[in-house]
Amino acid sequence: MIDFAAGAPVPGRLDVRWQHGDAGEQAIQIHAYDPHTYVLRQSKLTSYEAPFIYLLFGNDRAILFDTGATADPVAFPLRATVDELIESWLAANPRERYQLVVAHTHGHGDHVAGDGQFAGRPDTVVVPREAEAVLDFFGFSDWPAEVVGYDLGGRVLEVTGIPGHHPASIAVYDPWTGFLLTGDTVYPGRLYVFDYTAFSASLERLAEFAAARPVTHVMGCHIEMSRTPGRDYPVGTRHQPDEPPPQMTVAQLIAVRDAARLAAASPGVHVFDDFIIYHGPCRAAMAGQLARAQWNRLTGRDRCVPVRR
Ligand SMILES: [Zn+2]
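These numbers come from a predicted model, not from an experiment.

Novice: Can you lay out the overall build of the chain for me, pointing to particular residues and giving the numbers?
Specialist: Per the secondary structure count, the chain includes six helices and 15 strands. A compact globule built from 309 residues should have a C-alpha radius of gyration of about 19 Å, and the chain, at 19 Å, falls within 12% of that. For the chain, the spread of C-alpha atoms along the three principal axes comes to 55 × 50 × 35 Å. Every one of the 309 residues in the chain was classed for burial, and the buried ones make up 53%. In the chain, once contacts between residues fewer than 6 apart in sequence are set aside, the share between residues at least 24 apart is 62%. Carbon together with sulfur atoms contributes 55% to the accessible area of the chain, which is approximately 13000 Å² in total. In the chain, 26 side chains carry a positive charge and 36 a negative one; their mean positions are 8 Å apart.

Take a look at the structure:
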């Protein structure tokens, strides 16, 4: 049995060049943070969303957070990838029975599209995307403020509710790595807020939650910023050679909390160095995003969009 408590959080590797839409790259990039923790990234060649996906192993079960933006198991072989990773983990760490839980940071389409690939898999639970099912699965009795434990077998995750981007958004603290998974609520990109009251309250609680734990990395699910402060790649971009890494610090998370306070009174787009808050529908700004993306395609700045012949 692996001791997931001693010495945690243990250091891992994040010195990785994430694939960001170069020709010929894999549909799914696999990165081992440590032997029990995998960070996957869907290629921008299969979806411009290029979400990050997390696979955490415990003594009794593994949990997969999110299933990507593409359903098709040929274009996006998530099930085959996860099966292989579990198989090799079990070869190194034999177990008589081993469960897989497929859960989500939140229920938006680019995080649940591959759920169907896990239908019928033995010893597997797929948690539905709806808030009611998520609360039920993790055992919340006081959503969203409660912090509930979820035990992978000696690796006990702490889960709390952070609605605002989506009604079923959760944050997950993993004591083994010190990762704080924040889904689409905090990441280096456009933070779309659909329920600002809930978002504000979530950020206040999340900042306190993070400050009270030895968080090593705040891990979201996308990258949309460039390395130029305040400059994002527009919606739909398929090639991001100048993107920053996905991991953020607790100081940056607190900056998001402070920004959420500043932006609370005024719906619209609020640009900060490392992220952008979209308070409300922001229709004009979204139209501008699409125009920028179209311009980048026409001028060849976004080179990886398939050329129509
Ligand atoms: Zn997303």
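Novice: I'd love a proper account of the sheet that holds strand E1 (residues 28-34), names of residues and values included.
Specialist: Ordered by their spatial adjacency, six strands build an open sheet running E1-E2-E3-E4-E5-E6, and the pairing between neighbours is mixed. Bordering the open sheet on either side are E1 and strand E6 (124-126), each of which pairs with just one other strand. The sheet shows a mean angle of 15° between the axes of neighbouring strands, direction not considered. Pairing analysis gives six bridges linking E1 to strand E2 (residues 37-42), with the strands arranged antiparallel. Looking at the pairing, Ala32 lines up with Tyr38 of E2.

Novice: Could you give me a rundown of the packing of aromatic side chains, with the residues and numbers involved?
Specialist: Given two aromatic rings, their pairing is described by the distance between the two centres and the angle made by the two planes. According to the stated counting rule, one finds 14 aromatic pairs in the structure shown. Look at Phe4 and Trp176: their rings are 5.1 Å apart centre to centre, the planes differ by 85°, and that puts the pair in the edge-to-face class. With Phe4 in the segment before E1 and Trp176 in the loop between strand E9 (170-174) and strand E10 (179-183), this pair connects stretches of sequence that are 172 residues apart. Overall, Phe4 belongs to the buried group, its relative accessible area being 4%. On the accessibility criterion, Trp176 (10% relative accessible area) is buried. What links up through ring pairs into an aromatic cluster is the set Tyr38, Phe57, Trp89 and Tyr98. Lying across the ring of Phe209, Arg213 places its NZ or CZ 3.9 Å from the centre.

Novice: Go over helix H1 (residues 78-92) with me, naming the residues and quoting the values.
Specialist: With 15 residues, H1 extends 21 Å from end C-alpha to end C-alpha; this agrees with the ideal 21 Å at 1.5 Å per step. If you check which residues of H1 are buried, you get Leu78, Thr81, Val82, Leu85, Ile86 and Trp89. Viewed end-on, H1 has its buried residues packed into an arc of 130°, placing them on one side of the element. Opposite the buried face of H1, by more than 90 degrees, sit the exposed residues Glu84, Glu87 and Ala91. Of the surrounding elements, those touching the buried residues of H1 are E1, E2, strand E3 (52-57), strand E4 (61-65) and strand E5 (99-103).

Novice: For the coordination of the zinc ion, give the residues involved together with the corresponding values.
Specialist: Donor atoms from the polypeptide that bind the zinc ion are Asp110 (OD), His111 (NE2), Asp184 (OD) and His222 (NE2), placed at 2.0 to 2.2 Å. Here the zinc ion binds four donor atoms, and the angle range of 86 to 168° at the metal identifies the geometry as irregular. Every donor residue of the zinc ion comes from the same chain, spaced as D-H-x72-D-x37-H. Taken together, the positions of Asp184 in the loop between E10 and strand E11 (190-193) and His222 in the loop between strand E12 (217-220) and strand E13 (247-248) put the pair 38 residues apart, joining distant regions of the chain.

The rules behind the values
- Residues numbered from 1 in each chain as written.
- Predicted model: local features only at pLDDT ≥ 70, side-chain atom pairs only at ≥ 80, totals over all residues.
- Heavy atoms only, no water.
- Helix = DSSP H or I, 4+ residues; strand = E, 2+ residues; numbered from the N terminus.
- Rg over C-alpha atoms; globule rule 2.2 N^0.38 Å.
- Buried < 20%, exposed > 50% of the residue type's maximum accessible area, 1.4 Å probe, protein only.
- Contact = heavy atoms within 4.5 Å.
- Areas by Shrake-Rupley, 256 points an atom, 1.4 Å probe, with all protein chains shown as cover.
- Lys, Arg positive; Asp, Glu negative; His and termini not counted.
- Charge placed at Lys NZ, Arg CZ, Asp CG, Glu CD.
- Pairing = 2+ DSSP bridges.
- Axes fitted to C-alpha atoms, helices over the stretch in contact; angles between N-to-C directions.
- Phe/Tyr/Trp six-rings, centres within 6.5 Å; stacked < 30°, edge-to-face > 60°.
- Lys NZ or Arg CZ within 6 Å of the ring centre and 35° of its normal.
- Expected span 1.5 Å × (residues − 1).
- Arc of directions from axis to C-beta.
- Donors = N, O, S within 2.8 Å, 3.2 Å for Na, K, Ca; no water.
- Tetrahedral: all angles 85-135°; square planar, octahedral: opposite > 155°, others 65-115°.

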